[in-house]
Amino acid sequence: MTRIESTFEILKAQNKKALIPYVMAGDPNPSNFVGLLHDLVKHGADMIEVGLPFSDPMADGPTVALAGERALAAGTSTRDALKMVAEFRQQDTQTPIILMGYLNPVEIIGYDNFVALCEQSGVDGILMVDLPPAEAGSFTQHLTEHSMNEIFLLSPTTLPERREQVLTHCGGYIYYVSLKGVTGSATLDTDDVATQVQAIKAETDLPVCVGFGIRDAASAKAIGAHADGIIVGSALVQNFADIDGNDATAVAHAQQKIMAKMTELREALDSLSVSSNG
Amino acid sequence: MQDFNQYPDARGHFGVHGGRFVSETLMAALEELETLYNKVKVDPKFWEEYHNDLVNYVGRPTPLYHAKRLSDEIGGAQIYFKREDLNHTGAHKVNNTIGQALLAKMSGKKRIIAETGAGQHGVATATIAARLGLECIVYMGADDVERQKMNVYRMRLLGATVVPVTSGSRTLKDAMNEAMRDWVTNVDSTYYIIGTVAGPHPYPLLVRDFQAIIGKEARIQHLQMTGKLPDALVACVGGGSNAIGLFFDFLNDTEVKMYGVEATGDGIETGRHSAPLAAGRIGVLHGNRTYLMADDEGQIQETHSISAGLDYPGVGPEHSFLKDMKRVEYVGCTDKESLEGFHEVTRKEGIIPALESAHAVAYALKLAKTMTPDQTIIVNMSGRGDKDLHSVMKAEGIEL
C-alpha cells in the first residue's frame, strides 16, 4: 500500500476529508521551500502536491504560471525539486508528496531515471498534466515497477467512455478538475461538481479529490461535502506574488498568510465531519 | 518503398513524433474535431465548398512563376516561385483558415481564437471570421505586436480583438500557450484555428491537408511548363505549414529533393536562432512530441529570428519525422543571408518577399549554383513582404 492509499484509509476511518495544498517547488525561494512544506503539514495538510516549474505551463492560470516563473528565476530545476522532497522526507516520513508538472523536463531526464529519482526522494504519486493515459505507456510501466501512484485528471468535459479509460489507469486518487478553465479560475458550480463526483464514485473505489477554483472556507465546505478531498493551489500561491523572494521578512509574512488560509480551510473541512458525525 | 501518405497513424503519430499531449479538459474537443474531420475528409461536398472558396475568395490557383532573370544571373538551376504571396491576405496561411473555418461552421461554434507570430495567420483568421460573422480573438506575443504593427491594425480593422501576451518570451510560443488557456476555458463555444502543422492531433494532419493544395497545384503546373517533375523543392520552416504544403504531394517521388530552411538567426553557434531541427532535441510542447529548442533541464529556450513567423522553438511533428527518415534535408539561413535574399529577389524580379520566404529564396540561390541550367527548383514564395518593411528598415538602420 502506498502512503497515499494508507493516508486515505486513515482519513476514511476518521470520517475526515483530505486537505491537499499545492505549492510550486522553489517558490519564491529554494531555501524556504522545505520549511514551507513542514509548515503546511503543521497547519493541516494531509498530503501535498508539489509543482515542478516549467517554462510553458499551458493549463495553468496566471497565478500558478507566475509561481513557476519565480521558481525558474530562482534557479529551481526538476532535480532540485526532487532534492527538496528528499530533504522534507528526512523529518517527515508520513505525509504523501505528489509531483505535478509537465512532461518536457521529465523527458530530458528520462522516464526510468526520473521515476527512480522520485522513489529515492520519497515521492508517492505523480500527475503529469500533459500526459494522458493513451500516451503514458512506458511512464506508467516505470511507476508501477516502483510502486508509485499515477494520478490522472478528469474534467467536466470528459465523456463517459473516456472516463472509464482514465479510471482504469489512475491510482492514488482521482483529481477532478471542478471547472472548464485554467488553475485559479473563478465561478464554481457546486451542484455540477456534486453530480460529476457522484458519477465518478459510482464507477471507482478510488478517492475523488476536487481542485481548481477552491479559495476559501465557503468553497471548501461546498466541495468538501461531496468529495473525499480538496486541492487548493492559487489561493495559497498568490501570497508570494508581489513580494521579493529574497526579502526574508516579506517571505515570512506571506507564509503566515498561507498558514492562516490553511487553518481556515482545515476548520471548514473538519466542520463537515463534525456535522456528519452529529 | 516508404509510402509517406500513410502518416500519421490513427493516434496522430508520425513515427515517434506527433500524438496528443494535452490536459484532460481539451481531450473531448480534440476527439470531437477528429471525428468531424474524419467525416468531412471523405465527403466530396466539403472539398467542393473548400475549393470554391479558394478559387472565388482566395484567388487560387496561384501562379508558378519562372524567375528567369534571377536564374540566368546565377547560371545554375532554373528557379520557379510558387506565388502564395498572391493569395488574398498575402500568404499561404489563408488556405488553412478557409478549411478550418468551414470546420468551425459545421461544429456550430461562434467564437474563433487563433495565435499568430508575424500576424499573417492572425490576419487570415480575422478575415475569415469577418466574412462568416464570427467573433474572433487573436493572441500575439507583445514583442510581435510591436514589430508587426501593420498586421495588428489590419486585424483590428477586420473586427478582431488582438490580445498582446506579455508572459515568457513575449513571442509566438507564449501566444500559443495563451490561446490554449482560452480554449480550455471556453471549450464549449470556441473553435481554435491553429495556424501551423503543430499542436495536438488532429491539427498537424488537417492543417497539412489544407495546405497540400500548394504542392498539388505546383506539381501540375511544373509538369505543364517543363514536362517533368522538379529536381528540388525549397521552403522555409518555422512551424512548417507552407513547407509541408509544398512537399506533401511529392514525398513519394524520391527523385525530387527537398530542403526545409530553418532560421539560424545570428548563427547556430551564437545560440540566438530558431532552428530546432538543426540544434534541438526531441520533447513535448504544445500538445505534440517533436524536435524542440530546450535547455538541459527541459525548459523551452527563447528563440530569435528577424522573421517573427519563424520565431518558434518547435516544429511540426511531420517535419521531425521527415528529418529522421532523411526524406527532407533541413538546412539553415541566417538573418543576414535572408536580408540579402530579400533584396536580391526584390531587385531582380520585382517581388518583395516576406522575410520568412526570403530564407527559402536565399538558400535556393546557393543551391541553384550547385546545379545545372536544365535542372529546376521550386521555391515556395509563402508570403509577401509588406508586413516586414518595418523590420527590414530597423535591421538596416533606415529612417524615412
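This text goes with the structure placed above it.
Residues numbered from 1 in each chain as written. Chains lettered and ligands numbered in written order. Predicted model: local features only at pLDDT ≥ 70, side-chain atom pairs only at ≥ 80, totals over all residues. Heavy atoms only, no water.

All names here are of chain B. Pairing is antiparallel across the open sheet formed by four strands, whose spatial order is S1-S2-S12-S11. Unpaired on one side and paired on the other, strand S1 (13-14) and strand S11 (281-285) mark the two borders of the sheet. With five bridges joining them, S11 and strand S12 (residues 287-292) adopt antiparallel strand pairing. Looking at S12, one finds that Gly283 is bridged to Thr290. Where helix H13 (residues 317-324) meets the sheet, its contacts fall on S1, strand S2 (17-21) and S12, and the angle it forms with S12 comes to roughly 45°. (Pairing = 2+ DSSP bridges. Helix = DSSP H or I, 4+ residues; strand = E, 2+ residues; numbered from the N terminus. Contact = heavy atoms within 4.5 Å. Axes fitted to C-alpha atoms, helices over the stretch in contact; angles between N-to-C directions.)

It is worth spelling out the nonpolar core at this point. In terms of nonpolar packing, the biggest core is built from 89 residues, with Leu103, Trp183, Tyr192, Tyr203 and Phe247 of chain B touching the most fellow members. If near-sequence neighbours (up to four positions away) are discounted, Phe247 of chain B is found in contact with Leu233, Ala235, Met258, Tyr259, Gly260, His319 and Val328 of chain B. Counting residues in each nonpolar core, the second largest holds 67 residues, with Ile109, Phe114, Leu206 and Val232 of chain A among its members. (Core = buried A, V, L, I, M, F, W, Y, C linked by side-chain atoms within 4.5 Å. Buried < 20%, exposed > 50% of the residue type's maximum accessible area, 1.4 Å probe, protein only.)

Next up on the list: unusual backbone geometry. Note: most residues except glycine have negative phi, and most peptide bonds are trans. Here the bond from Asp27 of chain A into Pro28 of chain A is cis, since omega is -5°, no more than 30 degrees from zero. Structurally, Pro28 of chain A is set in the loop between strand S1 (18-24) and helix H2 (30-42). Residue Pro202 of chain B is bonded to the preceding His201 of chain B through a cis peptide linkage, with omega at 15°. Position of Pro202 of chain B among the secondary structure elements: in the loop between strand S8 (190-192) and helix H9 (203-211). Notably, Lys326 of chain B is not glycine yet its phi reads approximately 60°, a positive angle.

What follows covers the interface of chain B and chain A. On the chain A side, the residues contacting the 38 residues of chain B number 36 residues. Taken over both partners, the interface formed by chain B and chain A buries close to 2,900 Å², and the fraction arising from carbon and sulfur atoms is 50%. The largest per-residue losses of area from chain B upon contact with chain A belong to Glu24, Arg181 and Gln299 of chain B, which jointly make up 23% of the total buried on that side. Counting across the chain B and chain A interface gives five salt bridges. In this structure, the salt-bridge partner of Lys173 of chain B is Asp56 of chain A, at a minimum N-O distance of 3.0 Å. Viewed at the interface, chain A and chain B are joined by 16 residue pairs in polar contact (both at pLDDT 80 or more). Counting only elements with at least two residues in the side of chain B that touches chain A, the list comes to S2, helix H1 (24-41), helix H8 (172-185), S11 and S12 of chain B. Looking at the side of chain B that touches chain A, the element that brings in the most residues is H8 of chain B, giving seven residues. Class assignment for the residues of the side of chain B that touches chain A results in twelve nonpolar, 13 polar and 13 charged. (Buried area = accessible area lost by both parts, 1.4 Å probe. Salt bridge = Lys/Arg side-chain N within 4 Å of Asp/Glu carboxyl O. Polar contact = N/O pair within 3.5 Å; in protein donor to acceptor, adjacent residues only side chain to side chain. Nonpolar A, V, L, I, M, F, W, Y, C, P; charged D, E, K, R; others polar.)

Below, the discussion takes up helix H3 (residues 62-73) of chain A. Over its twelve residues, H3 of chain A extends 16 Å from the first C-alpha to the last, a length consistent with the 16 Å expected when each residue adds 1.5 Å. For H3 of chain A, the complete set of buried residues consists of Val64, Ala65, Ala67, Gly68, Arg70 and Ala71 of chain A. Buried residues along H3 of chain A sit against S1 and helix H11 (234-237) of chain A together with H8 of chain B. Looking one or two places after H3 of chain A, you find Gly75 of chain A, whose phi comes out positive at around 90°. (Expected span 1.5 Å × (residues − 1).)

A few words on the packing of aromatic side chains. All names here are of chain B. The tally for this structure, following the rule as stated, stands at 17 aromatic pairs over all chains. Seen in terms of ring centroids, Trp47 and Phe210 are 5.8 Å apart; in terms of plane orientation they differ by 50°. Their pairing is tilted. Highlighted residues: Trp47 in helix H2 (residues 44-58) and Phe210 in helix H9, separated in sequence by 163 residues. In this pair, the class of Trp47 matches that of Phe210, namely buried. Pairwise contacts between aromatic rings join Tyr37, Phe46, Trp47, Tyr50 and Phe210 into one cluster. Above the plane of the ring of Tyr291 lies Lys323, whose end atom (NZ or CZ) is 5.3 Å from the centre. (Phe/Tyr/Trp six-rings, centres within 6.5 Å; stacked < 30°, edge-to-face > 60°. Lys NZ or Arg CZ within 6 Å of the ring centre and 35° of its normal.)

Purely spatial values, then, with no claim about function.
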